Amino acid sequence: MKKILALLLFFALAAQAQDKQPYQLYTKDGKKTTYKKLLKKSGEAQVVLFGEYHDNSLVHWLQLEFTKDMAAQKYLVLGAEMFEADNQDELQQYLDGKIDQKALDTVARLWSNYKTDYKPIVDYAKENNIPFIATNVPRRYASQVYKQGIESLEALSDDEKSWIAPLPIPYDGTLPGYKKMIEMMGGHGGENMPKAQAVKDATMAHFITENIKDDYVFIHFNGTYHSDNFEGISWYLKQNDPDVKVITISSVSQKDVSKLEEENMGKADFILVVDEDMTKTH
């Protein structure tokens with residue numbers, strides 16, 4: 001009998017080890033869900049905000065696979081925080097085959113992890129004639145807001161203003177994400193810090209809204225903080241159009257992916273839990 005119990009325990013542990021998953025998807029209320037359901041719901045949306053950890057290899061892999069699978073069922077427009085609006089011309093030249101990767105490296109402000117984490121998606125868009133929009137505010141203007149306040153943007157030229165959400169940019173300092181930012185910094189930077197973040201969120205939402213098309217899904221890649229808790233970009237999208245259909249995905253890291261931790265509940269429509277030991281890309 002003891003031998004039988006020992007064998008049963010062995011096989012149970014072996015099965016558990018074989019079932020070990022690097023990630024698990026959840027609904028916002030903490031129920032396990034499937035990639036198939038994520039695709040179905042995303043196909044019904046106008047905008048999907050795919051919140052990421054910038055250095056997580058599994059998240060970047062899943063973003064590419066998600067893009068491919070969505071392209072099989074819907075027309076797509078892609079966009080990303082990682083490209084600033086004043087680099088749209090350079091990005092488009094690359095997509096059109098007018099410049100090569102070396103030239104893009106020279107003329108655009110690419111992130112240091114571009115080649116490993118974002119180039120595969122950009123190249124997929126290029127190969128399949130999928131529009132790709134540079135949505136983020138040029139970083140110098142976010143820095144300007146932090147140093148001089150949001151009102152300082154009014155002094156910019158018309159060309160410079162074309163790379164930012166229309167002024168004046170609405171701002172709600174009572175949103176939990178912006179309040180938390182002040183708390184995390186111990187008050188340093190005052191209201192200008194979350195306002196600099198808001199300019200990014202508003203600008204990304206603006207360029208998404210400008211490029212929404214009937215019967216298309218706009219998939220946008222951004223740091224998860226920009227869309228968690230249905231704030232940030234999502235909030236500004238709703239300011240632009242209260243009826244816009246948005247699906248949000250939040251990436252979180254846990255030691256155990258088999259159960260959604262309480263602190264991660266409600267962050268998004270779909271919550272992607274990744275094993276905390278997952279390889280970092282930088």
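Remember, it's a predicted structure, so these values are computed and weren't measured experimentally. (Residues numbered from 1 in each chain as written. Predicted model: local features only at pLDDT ≥ 70, side-chain atom pairs only at ≥ 80, totals over all residues. Heavy atoms only, no water.)

Draft legend 1. Structural detail: the overall build of the chain. Regarding its fold elements, the chain presents 12 helices and eight strands. Taking 282 residues into account, the globule formula puts the C-alpha radius of gyration at 19 Å, and the chain, at 21 Å, falls close to it. Each principal axis of the C-alpha distribution contributes one length, and for the chain these read about 85 × 45 × 35 Å. The buried share among the 282 residues of the chain stands at 48%. Surface accessibility of the chain: about 14500 Å² in total, with carbon and sulfur atoms responsible for 53%. (Helix = DSSP H or I, 4+ residues; strand = E, 2+ residues; numbered from the N terminus. Rg over C-alpha atoms; globule rule 2.2 N^0.38 Å. Buried < 20%, exposed > 50% of the residue type's maximum accessible area, 1.4 Å probe, protein only. Areas by Shrake-Rupley, 256 points an atom, 1.4 Å probe, with all protein chains shown as cover.)

Draft legend 2. Inspection of unusual backbone geometry at higher detail. Along the chain, L167 connects to P168 via a cis peptide bond; the corresponding omega equals -5°. Along the chain, the position of P168 falls in the loop between α9 (158–161) and α10 (176–184). The phi torsion at N129 lies on the positive side, around 55°, for a residue other than glycine. Within the secondary structure layout, N129 lies in the loop between α7 (119–127) and β5 (132–136).

Draft legend 3. Inspection of the sheet that holds strand β1 (residues 23–27) at higher detail. Ordered in space as β2-β1-β8-β7-β3-β6-β4-β5, the eight strands form an open sheet in which the pairing is mixed. Two strands in the sheet have a free side with no partner beyond their single neighbour: β2 (32–33) and β5. The pairing of strand β3 (residues 47–52) with strand β6 (residues 216–223) spans six bridges and is classified as parallel. Its bridge partner lying in β6, E52 is registered against G223. (Pairing = 2+ DSSP bridges.)

Draft legend 4. Just empty space enclosed by the protein, in detail. Under the definition given, this model contains one cavity of 30 Å³ or more. Considering only enclosed or pocket space, the largest cavity measures out at about 30 Å³ in volume. Around the largest cavity, the lining residues are A80, M82, F83, Y118, I121, V122, F132 and F221. Contributing elements (two or more residues each) for the lining of the largest cavity: β4 (75–84) and α7. Per-element accounting of the lining of the largest cavity gives the leading share, three residues, to β4. Classifying every residue of the lining of the largest cavity by side-chain character gives eight nonpolar, no polar and no charged. (1 Å grid on protein atoms, 1.4 Å probe; cavity = no way out; pocket = protein on both sides within 12 Å on 5 of 7 lines; lining within 4 Å. Points joined across faces, edges and corners; volume = space filled by probe spheres on them. Nonpolar A, V, L, I, M, F, W, Y, C, P; charged D, E, K, R; others polar.)

That is the geometry; function is a separate question.
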